[in-house]
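Residue-level listing of the chains:
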Amino acid sequence: MSVETAYVDKTRRNETANLWHMQLGHVSHSKLDVMMKRSMLKGLPQLEVAKDTVCAGYQYGKAHQLPFKESKFKVNEPLELVYSGVFGPVKQDSISGRKYVVTFIDDFSRYVSIYFIKEKFETLSKFKEFKEVTEAEVGKQIRCLRSDNGGEYTSDEFCNFL
């Protein structure tokens, strides 16, 4: 028996559906099951496929970044920490031509304010609007604004305002 034949024999005995899942580019387990039942791939053996399996490699590949560690810092009052982010452009503009969304979230209350804007540079004017309305309602000032440091938050105009 040649080395190649021995290797192929050993590999065939250790075949699992999970191994085929990985060899076929992390194809879903349900599609792998269909491929086996319909004999759609030459050499693909009939194996037991667990459809409730979650592939760790696939999950890591889909994740854009690992989750943050839980913060030890806890806010004690409203507006102590406000998160903000801009989403867009969306595929379809609104009727009034808005294609971005800016959000402000108070960490203490989890209250969310959403503003629709046409361009990202409008983020500062919406922050000013949010700041004025919210501080008047709550009776406190915003102490910390946390963002992803996108260009709309790091512009000279925004930094000078802060």
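Quick notes on the rules
- Going along each chain's sequence as written, the residues are numbered from 1 onward.
- In view of the model being predicted, local features appear only for residues whose pLDDT reaches at least 70, and side-chain atom pairs are presented and counted only at 80 or more, with totals across whole chains, interfaces and linings using the full set of residues.
- For the side-chain quantities, the full set of heavy atoms in the structure was used; hydrogens and water were omitted.
- The term nonpolar core refers to a set of buried residues drawn from Ala, Val, Leu, Ile, Met, Phe, Trp, Tyr and Cys, joined through side-chain atoms within 4.5 Å.
- The rule is simple: take the accessible area with a 1.4 Å probe, protein chains only, and divide by the maximum for that residue type; under 20% is buried, over 50% is exposed, in between is partly exposed.
- Here a strand is any run of E in DSSP of at least two residues, a helix any run of H or I of at least four, and the numbering for each starts at the N terminus.
- Only heavy atoms matter for contacts: two residues are in contact if any of them lie within 4.5 Å across the pair.
- Take a side-chain nitrogen of Lys or Arg and a carboxyl oxygen of Asp or Glu: if they are within 4 Å of each other, that pair is a salt bridge.
- The term polar contact refers here to a pair of N or O atoms within 3.5 Å; inside protein, the definition further demands a hydrogen-donor-capable atom paired with an acceptor-capable atom, and it admits residues adjacent in sequence only when both atoms are side-chain atoms.
- Arc definition: directions from the helix axis to the C-beta atoms.

K.L.:
Hey, could you run me through the nonpolar core in this one?
P.N.:
In a soluble, globular protein the nonpolar side chains are often hidden away together inside. Residues Val82, Val102, Phe104, Phe127, Phe130 and Ile142 are the most contacted members of the largest nonpolar core, which totals 14 residues. Of all the secondary-structure elements, those providing two or more residues to this core are strand 1 (82-87), strand 2 (100-106), strand 3 (112-117) and helix 5 (123-138). For Phe104, the contacting residues outside a window of four places in its chain are Val82, Tyr83, Ser84, Tyr111, Val112, Ser113, Tyr115, Lys126, Phe127 and Phe130. Counting 8 residues, the second largest nonpolar core, distinct from the first, contains Ala17, Trp20, Val27 and Leu44.

K.L.:
Where do I start with the pattern of salt bridges in this structure?
P.N.:
Side chains that differ in charge, positive against negative, can pair when their charged atoms come close. For the structure shown, the criterion picks out 6 salt bridges. One salt bridge in this structure joins Asp107 and Arg110, with 2.9 Å as the shortest N-O distance. Note on Asp107: relative accessible area 14%, which makes it buried. Its salt-bridge partner being Glu135, residue Lys131 comes within 2.9 Å of it at the nearest N-O pair. A residue pair is termed a helical-turn pair when its members lie 3 or 4 positions apart in one helix, as Lys131 and Glu135 do in helix 5 at 4 residues.

K.L.:
Whenever I open this one, the environment of Thr134 confuses me. Can you help?
P.N.:
Turning to its location among the elements, Thr134 is positioned in helix 5. Here Thr134 falls in the buried class, since its relative accessible area comes to 13%. For the pair Thr134 and Leu79, spaced 55 residues apart in the sequence, the C-alpha separation amounts to 8.5 Å. Engagement of the side chain of Thr134 in a polar contact is seen with the backbone oxygen of Phe130, the distance being 2.7 Å.

K.L.:
Hey, could you run me through helix 3 (residues 29-37) in this one?
P.N.:
Each full turn of the α-helix corresponds to 3.6 residues, which orients residues three or four apart in the same direction. Listed as buried for helix 3 are His29, Leu32, Asp33, Met35 and Met36. End-on, the buried residues of helix 3 take up no more than an arc of 160 degrees, which puts them together on one face. Helix 3 presents Lys31 and Lys37 as exposed residues on the side facing more than 90 degrees away from its buried surface. Here the buried face of helix 3 lies against helix 2 (17-23). Where helix 3 ends, the next residue or the one after it, Ser39, has phi of about 50 degrees, a positive value.

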